[in-house]
Amino acid sequence: MSSSYPPIGPVVGMVGAGQLARMTQPPAIALGIELRVLANTAEESAARVIVDTRFGDYRKLADLREFARGCDVITFDHEHVPTEHIRELIADGHAVHPGPDALVHAQDKAVMRQRLTEIGAPCPPWARVSGPGDVERFAAEHGWPVVLKAVRGGYDGRGVWVCRDAAQVEEAFAGGVALMAEAFVPFERELAVLVARSPHGQGVSYPVVETVQQDGICVEVLAPAPLLDPEDAAQAQRIALKIAHELGVTGLLAVEMFETDRGLIVNELAMRPHNSGHWTIEGAGTSQFEQHLRAVLDLPLGAPTMTAPYVVMVNLLGGDDPDLFKRYEHVMAHDPGVKVHFYGKEVRPGRKIGHVTALGKDLDEVRARARHAAVYLTTGEYT
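A.B. asks: I would appreciate a short explanation of the sheet that holds strand S4 (residues 73-76) in the present structure.
C.D. replies: Across a sheet, paired strands are connected by hydrogen bonds in the backbone, their directions being either parallel or antiparallel. Overall, parallel pairing links the 4 strands, which are arranged S3-S2-S1-S4 in an open sheet. The open sheet has two edge strands, strand S3 (53-55) and S4, and neither has a second partner. Direction aside, neighbouring strands of the sheet carry axes that sit 25° apart on average. Sheet topology note: the strand S1 (residues 11-15)/strand S2 (residues 34-39) ladder contains 5 bridges and is parallel. Looking at S2, one finds that Val15 is bridged to Leu38. Contacts from helix H1 (residues 19-31) reach S1 and S2, with the element oriented near 170° to S2. Its contacts with the sheet put helix H10 (residues 288-296) on S1 and S4, and the angle it makes with S4 is roughly 140°.

In structure tokens form, the structure reads like this:
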């Protein structure tokens, strides 16, 4: 599916057609940018709403080359494109942001940890491990529990094992994937910092947010992170901007951190729009999706300032009843200020199918409003 009309603005090709690509379309329209997406099927979230949708396999170089033809820049809504294919696209003369030397740090957790350690970013003790014996030696030095992570491919809690003894280590290795070990971090809460960096080096940071996790999935984001010491907030932003600079990131970088009694610890990286930044659609002067487009096209970056003292975003997770639309009327009538975003996905229990956002001056009130809307939309029950 593609338009028969020639583009009238720059063409940004986004590999992947999930909800991140879908939410990039509105700011692309406003900026006069032609957004093209590479989808696997017509049922994917972005393929349902973006005219210039091409179909192919992001794992096949031939499909990527065909997709890139006519694009001014290539970017991603996920990190799974093979690094060697990205290098080939650059060799063909295409602009790709983020580039392979940066993106590999979001693809390979061991490479990420090695580089972050080299640049002095705060990290937990870690090691590459090839079998249970390596993990037991790591535990002898750093103690149990040990966190084992799939080096590639894990997300939303998948590919992570918190092992409290050798038997659980055996279970983790039974999956046959390459693993790395990290010391368990006793943290007080999880934070995230979203920054953007353009090819010529301009960088901006959004306020630090608190992310609330449930079963490894982010269910709620509080912006700004409540009661966070201003010096710690500034340090978190400095760490994220330094990582973006040292890794040569172009576009958005999300840095997930742990707040501990010993300071901040970097947990994960993502080089694309991120769940922790969905609040910026209504809650910031420039949404993360517009910011990413500006960055990859090397345009001046937009203001990341908040539009309200507090913003709360709650993810909508699928439940047993797939008919969420019948509950729109209550949510909209009860609180006209709540914003609802659906991703055009089939409803399945536990699946992210959308989010709601509320803004205001009182955090407790804003949080209650967002939670009420989310719970009622997904369950039909009152909070």
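That covers the picture; the talk isn't over yet.
A.B. asks: Which parts of the structure should I look at to understand a nonpolar patch on the surface?
C.D. replies: On the surface, Val160, Val162 and Phe184 cluster together into a nonpolar patch covering about 220 Å² of accessible area. With respect to the helices, strands and loops of the structure, Phe184 is situated in the loop between strand S8 (179-183) and strand S9 (189-197). Phe184 gets classed as partly exposed once you look at its relative accessible area, which sits at 37%.

A.B. asks: Would you mind going over the sheet that holds strand S5 (residues 126-129) with me for this structure?
C.D. replies: Pairing is antiparallel across the open sheet formed by 4 strands, whose spatial order is S5-S8-S6-S7. Only two strands of the sheet have a single partner each, and these edge strands are S5 and strand S7 (160-163). The sheet shows a mean angle of 25° between the axes of neighbouring strands, direction not considered. Sheet strands touched by helix H7 (residues 166-173): S5, strand S6 (146-150), S7 and S8. Its angle to S7, the strand with the most contacts, is close to 165°.

A.B. asks: Whenever I open this one, unusual backbone geometry confuses me. Can you help?
C.D. replies: Note: most residues except glycine have negative phi, and most peptide bonds are trans. Cis rather than trans, the peptide bond between His97 and Pro98 has omega equal to 0°. With respect to the element layout, Pro98 can be found in the loop between helix H3 (83-91) and helix H4 (100-107). A cis amide bond links Trp144 to the next residue, Pro145, at an omega of -5°. Located in the positive-phi region is Asp215, a residue other than glycine, with phi close to 55°. Relative to the helices and strands, Asp215 is located in the loop between strand S11 (209-214) and strand S12 (217-223).

A.B. asks: Mind showing me how you'd approach H4 here?
C.D. replies: Along H4, 7 of the 8 residues are buried, which leaves the element largely enclosed by surrounding structure. The set of residues buried in H4 consists of Pro100, Ala102, Leu103, Val104, His105, Ala106 and Gln107. Next to the buried residues of H4 lie S4, H3, helix H5 (109-118), helix H8 (230-247) and strand S14 (263-270).

What counts as what
- Residues numbered from 1 in each chain as written.
- Predicted model: local features only at pLDDT ≥ 70, side-chain atom pairs only at ≥ 80, totals over all residues.
- Heavy atoms only, no water.
- Pairing = 2+ DSSP bridges.
- Helix = DSSP H or I, 4+ residues; strand = E, 2+ residues; numbered from the N terminus.
- Axes fitted to C-alpha atoms, helices over the stretch in contact; angles between N-to-C directions.
- Contact = heavy atoms within 4.5 Å.
- Patch = residues over 30% accessible without salt bridge, like charges linked within 9 Å, V, L, I, M, F, W, Y side chains within 5 Å.
- Areas by Shrake-Rupley, 256 points an atom, 1.4 Å probe, with all protein chains shown as cover.
- Salt bridge = Lys/Arg side-chain N within 4 Å of Asp/Glu carboxyl O.
- Buried < 20%, exposed > 50% of the residue type's maximum accessible area, 1.4 Å probe, protein only.

Limitation: the analysis is restricted to geometry and does not speak to function.
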